[in-house]
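Coordinate analysis (summary)
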Amino acid sequence: MKWAAISTWKMSFDGCKKTLELLAEGRKCDESLIEGVCMVEDEPSYTSVGYGGLPDKDGRVTLDGGFMDGDTLRFGAVGCIEGFRSPIRIAHSLMNYEFNNLLVGAGAEKYAEEKGFEKRDNLTEKSYQKYLSEKDKIETLTSYDGHDTVCFLGKDVSGTICAAVSTSGLYMKAHGRIGDSPIPGAGYYADSEIGSAASTGVGEDVIKTNATFRLVNKMAQGLSVQKAADETLNEIMKRLADCRSISLIALDKDGNYGVATNCDFPFVYGSDECEVSLYMARFVNGKTVIKKVDDISEVTLD
Ligand code: ASP
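Calculation notes
Residues numbered from 1 in each chain as written. Predicted model: local features only at pLDDT ≥ 70, side-chain atom pairs only at ≥ 80, totals over all residues. Heavy atoms only, no water. Axes fitted to C-alpha atoms, helices over the stretch in contact; angles between N-to-C directions. Helix = DSSP H or I, 4+ residues; strand = E, 2+ residues; numbered from the N terminus. Parallel < 35°, antiparallel > 145°, perpendicular 65-115°, else oblique. Left-handed = near helix turned anticlockwise from the far one by under 90°. Contact = heavy atoms within 4.5 Å. 1 Å grid on protein atoms, 1.4 Å probe; cavity = no way out; pocket = protein on both sides within 12 Å on 5 of 7 lines; lining within 4 Å. Points joined across faces, edges and corners; volume = space filled by probe spheres on them. Nonpolar A, V, L, I, M, F, W, Y, C, P; charged D, E, K, R; others polar. Salt bridge = Lys/Arg side-chain N within 4 Å of Asp/Glu carboxyl O. Buried < 20%, exposed > 50% of the residue type's maximum accessible area, 1.4 Å probe, protein only. Near = heavy atom within 4 Å. Polar contact = N/O pair within 3.5 Å; in protein donor to acceptor, adjacent residues only side chain to side chain. Areas by Shrake-Rupley, 256 points an atom, 1.4 Å probe, with all protein chains shown as cover.

Turning next to the packing of helix α7 (residues 211-220) against helix α8 (residues 225-239). Closest axis-to-axis distance for the α7/α8 pair is 8 Å, and the angle between their directions is 135 degrees. Compared by their axis directions, α7 and α8 come out oblique. Crossing handedness for the pair α7 and α8: right-handed. On α8, the residues that touch Ala 211, Arg 214, Leu 215, Lys 218 and Met 219 of α7 are Val 225, Ala 228, Ala 229, Glu 231, Thr 232, Glu 235 and Ile 236.

If you want it as structure tokens, here you go:
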């Protein structure tokens, strides 16, 4: 395939379509993915990313994001950043430095302010009202209900592969918590000589198992992208007795995709050979079963 992109959850549909249009125009992988992710960050009805994201226990929306360039293995990432419009743009810019590529909290905010990144209070009235009505139930919430990361993987015409991820992380997380999304090898990984992977689900489980590096490494050892995704998830579920929900997307260096999940998981894929479409991945009898969705309004999951 000349170009291809895959992204997580139904919320990424319009963004992925945009990414594929840009890739078709010959635009570079990094800018094409960032445009797509930003569309999701800016949409307040998507409640687990960017504007209108899920608040933490203190009622604050703090965001995580990561970007990796598969040609150079450079990465940039931010964790627990508050008050800025686009964590993915800030993460991407941090890739340009030799050191200090992953910044968190006040340090990330200082950097973003100095570099002139656009500010935004991401706590919308809707996300604040949800917080107010549920904050007294924190003990009964698993704290893992209602969280998702938007992850984009792409390949451009020159063969560059990149990964981009953005999230508000777990709902009612402790203030200061970062998940897997800023951590390369956990939330995302890209190597243009092999392929790329990204994850959505309970970040602590993904970090424990270096899920995306593990998956890409399996492709390096010769496994197909789908087999690498399946084996990675199987290993994680075997090793972690209490493994919670995890979904993995992957793209090989030729633009083929693989997906593995232990829950119901919509994702989007398209390429120069195949129109952008929504797919539903389900965990059935210990295996991921993938089906194309003909009518996307039927899928209620974000
Ligand atoms: N992985 C994210 C986190 O743990 C949440 C998610 O993707 O659902 O912060």
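Moving on: the layout of surface pockets. Space inside the largest pocket adds up to approximately 280 Å³. Trp 9, Gly 146, His 147, Asp 148 and Leu 301 are the residues nearest the centre of the largest pocket, which is lined by 17 residues in total. Those elements that place two or more of their residues in the lining of the largest pocket are β8 (195-201) and β9 (246-252). Tallied by class, residues from the lining of the largest pocket come to 5 nonpolar, 8 polar and 4 charged. Of the volumes computed, that of the second largest pocket is approximately 220 Å³. What lines the second largest pocket is simply Met 280, Arg 282, Val 284, Val 289, Ile 290, Lys 291, Lys 292, Val 293, Asp 294, Asp 295, Glu 298 and Val 299. Per element, the largest residue contribution to the lining of the second largest pocket is 4 residues, and it comes from strand β13 (residues 287-292). For the lining of the second largest pocket, the class distribution of residues is 6 nonpolar, no polar and 6 charged.

Take the pattern of salt bridges next. With the rule as written, the count across this model stands at 19 salt bridges. Between Arg 27 and Glu 25 there is a salt bridge, with the nearest N and O atoms lying 4.0 Å from each other. When its relative accessible area of 30% is taken as the criterion, Arg 27 is described as partly exposed. Its salt-bridge partner being Arg 89, residue Glu 35 comes within 3.6 Å of it at the nearest N-O pair. Here the residue Glu 35 occupies a position in helix α2 (residues 29-41), and Arg 89 occupies one in helix α3 (residues 87-94), the gap between them amounting to 54 residues. Residue Glu 35 is classed as partly exposed on the basis of its relative accessible area, which comes to 28%.

The next subject is the site of the ligand. The environment of the ligand is made up of His 147, Asp 148, Thr 149, Gly 169, Leu 170, Arg 177, Gly 179, Asp 180, Thr 200, Gly 201 and Gly 203. A distance of 2.5 Å separates an oxygen atom of the ligand from a polar side-chain atom of Thr 149. A distance of 2.6 Å separates a nitrogen atom of the ligand from a polar side-chain atom of Asp 180. Considered on its own, the ligand offers 270 Å² of accessible surface; in the complex 100% of this is hidden by protein.

Honestly, that's just the spatial picture; any functional story needs more than this.
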